[in-house]
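Close look at the chain arrangement
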Amino acid sequence: MKSTNPFALWRWEDLFQNFDHFGSGFLRTLQVAILALALSLVIGVIIGILSTAQNVILRSIARVYVEIFQNIPLVIQIFFMYNGLAMAGLVLSEFMIGVIGVGLYHGAYIGEVVRAGILSIPKGQQEAAYSQGFNYTQTMRYVILPQMVKSILPPLTNQAVNLIKNTSVLAIIAGADLMYAADSYASSSLNYGTSYVVAGLLYFILCFPLATFSRKYEEKLKKNDAMVVDIPEVME
Amino acid sequence: MIESIQTVFTQPNLLFLLNGLRTSLVISLCVIILSILLGTLLGLVRNYEKKVFGKLASFYIELFRNTPLLLWMLGCAFLIPGSTILVKGSLALFLYTAAVVAEIVRGGLNAIPKGQFEAAHSQGFSFFQTLLYIILPQTFKKIIPSLLSQVITTIKDTSFLAGLGIMEFTRSGQVILGKVTKTSEVFLIYGFLAVVYFIICFTLSVLVRNWHKKNSGNV
């Protein structure tokens, strides 16, 4: 007679016999997270720079992008890409939906982080760069962006943690990620307890080091009286 | 187009969607209130009790901050016996949000100068009186923008409950989606969902920004 305890030993045995399930889900989550993070960094830097531009039109474009992506739930955005776009003839794989959907969403948040970072650099820096003959692009590339990297690193790392967690939204569209793997194994074997614990542990292994780094680094910056970008409106 | 609008936004459909919206908003409200209470408690314990309870609070916060919300929703739904899926799903959202609020509260507490404690102590305030009358009011004033931001996030997070089949706003939209066939109708429904969420969250985010702008000088 098998024990009915949700964490009984036989359930753990069964799970580890099916561990490749979790392994491939973990790998998929990692791939989606890395590509989505790359995409969101690119978008974030572009949006951040646009939102500090002189030109009103460029600033408005950045504003509209940020507001749209921040104020509509990720679940809706992902569903829309999955059903809506497919009906309109644009069929994307679940993998691509994960990368693009999560990337576009977090791009808006990273854009706000970058904007706050740029604004935290004293104006004199830009004027000094111009006086030395740097043009706008060179000023951004060689003077402003390198200086703000340090101060935006903690909120940026928090974004990476949230991004990893948010890739789990793929489970809702059967995206073969870790959450989906855990859920499908759980519902086929009825080993819910063990399955969710292992999935949680795997997410934790990814997120905890990043979150800890972010906190420690921020504490260090504060101790050294360095600039820390603190932006309550970018909390996701 | 007009035909699509007429098929999608019939009176029963609209009532159904608004019902879902009400569910989302009621869940959000309950979750916010409860998680501010639990989150404040956790934040205080983590900050001022460095022994067993402080460690436990840290463990709780780190655990929930580093694992996905959906995992907790599914876990609560399948592992807690009895009750309805709506209660279990909302419980998960509450436990998760409380950890985030705890970190916000802790950030606020850290910004209060140590001298406040000493001054209160010299006036005969006990530790708990100091917290209640001196530290917490100042902390909350500081963290209002972050908390409001978290309200937005929580409203958006209720959409994850659609993954459990709970009839909140997103899920009721999906049900209507299941009844239509034309592309224009599908787009209309997604558009409607997006616009409603947008109006609610954008309004709140404008409040956050204004508060922050108004108070960033003197807090």
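Residues numbered from 1 in each chain as written. Chains lettered and ligands numbered in written order. Predicted model: local features only at pLDDT ≥ 70, side-chain atom pairs only at ≥ 80, totals over all residues.

Re the overall build of chain A
Operational definition: The secondary structure listing takes helices from DSSP runs of H or I that are at least 4 residues long and strands from runs of E that are at least 2 residues long, numbered from the N terminus. With C-beta atoms placed from the backbone, a residue counts as buried when 20 or more other C-beta atoms lie within 10 Å of its own, as exposed when 12 or fewer do, and as partly exposed for counts between those limits. Note that contacts rest on C-beta atoms placed from the backbone: two residues are in contact if these are within 7 Å.
For chain A, the count of helices and strands is nine helices and zero strands. Starting at the N terminus and walking to the C terminus, you meet the elements of chain A as α-α-α-α-α-α-α-α-α. Principal-axis analysis of the C-alpha atoms places the extent of chain A at approximately 80 × 50 × 25 Å. The buried share of chain A, reckoned over its 236 residues, is 46%. Considering only contacts in chain A between residues 6 or more positions apart, those separated by 24 or more positions represent 77%.

A word on the overall build of chain B
Check the secondary structure of chain B and you find nine helices and zero strands. Taken from N to C terminus, the helices and strands of chain B fall in the order α-α-α-α-α-α-α-α-α.

Examining the interface of chain B and chain A
Inclusion rule: Residue polarity follows a fixed list, in which Ala, Val, Leu, Ile, Met, Phe, Trp, Tyr, Cys and Pro are nonpolar, Asp, Glu, Lys and Arg are charged, and the others, Gly among them, are polar.
Contact with chain B, which involves 37 residues of that partner, is made by 35 residues of chain A. Elements with a minimum of two residues in the side of chain B that touches chain A: α3 (52–65), α4 (69–79), α7 (127–157), α8 (169–177) and α9 (183–215) of chain B. Ranked by the residues each element gives to the side of chain B that touches chain A, the list is headed by α9(B), at 14 residues. Looking at side-chain class alone, the side of chain B that touches chain A contains 20 nonpolar, 13 polar and four charged residues.

What about the confidence of the model for chain A?
Should the pLDDT be low somewhere, the predicted coordinates at that spot are not to be read in detail. This is how it is decided: Across the chain, each position has a pLDDT score giving the predictor's confidence in that residue, from 0 to 100.
When pLDDT is averaged along chain A, the result is 89; 95% of the residues meet or exceed 70. Within chain A, the lowest mean pLDDT, 79, falls on helix α1 (residues 9–17) of chain A, and the highest, 95, falls on helix α3 (residues 56–71) of chain A.

Overview of the nonpolar core
The cut-off we apply is this: What makes a nonpolar core is a set of buried Ala, Val, Leu, Ile, Met, Phe, Trp, Tyr and Cys residues, with links drawn between C-beta atoms within 7 Å.
Among the nonpolar cores identified, the biggest contains 118 residues, and Val75(A), Leu178(A), Ala182(A), Ala199(A), Leu70(B) and Met73(B) are the most heavily contacted of them. No other element matches the 13 residues that helix α5 (residues 85–110) of chain B contributes to this core. Setting aside residues up to four positions removed in sequence, Ala199(A) forms contacts with Leu178(A), Met179(A), Ala182(A) and Leu71(B).

Comments concerning helix α5 (residues 94–120) of chain A
All names here are of chain A. Worth spelling out the cut-off: To estimate the expected span of a helix, subtract one from its residue number and multiply by 1.5 Å. Throughout, the bend at a residue refers to the angle made by two axes, fitted to the seven residues ending there and to the seven starting there.
Along its 27 residues, α5 runs 38 Å from first to last C-alpha, staying within 8% of the 39 Å computed at 1.5 Å per residue. Gly107 marks where α5 bends most, by close to 25 degrees. Counted residue by residue, α5 has 21 buried out of 27 residues, so it is predominantly covered.

Focus on the environment of Phe208(A)
Within the fold, Phe208(A) resides in helix α9 (residues 192–223). Looking at Phe208(A), the number of C-beta atoms within 10 Å reads 16, which means it is partly exposed. Excluding its chain neighbours within four sequence positions, the residues that come into contact with Phe208(A) are Glu62(B) and Asn66(B).

Quick word on the packing of α5(B) against α7(B)
All names here are of chain B. Formally: Each axis is a line fitted through C-alpha atoms, and for a helix only the stretch in contact is used; angles between axes span 0 to 180 degrees, taken between their N-to-C directions. Two helices crossing with the near one rotated counterclockwise from the far one by less than a right angle form a left-handed crossing, whereas a clockwise rotation gives a right-handed crossing.
Remark: α5 packs on α7, axes separated minimally by 9 Å, with the N-to-C direction vectors making an angle of 145 degrees. Where α5 crosses over α7, the two elements pack in a sense that is right-handed. Here α5 contributes Leu93, Thr97, Val100, Val101, Ile104, Val105, Gly107, Gly108 and Leu109 to the contact with α7, which in turn contributes Ile135, Thr139, Lys142, Ile143, Ser146, Leu147, Gln150, Thr154 and Asp157. In the contact of α5 with α7, the residues fall into nine nonpolar, seven polar and two charged.

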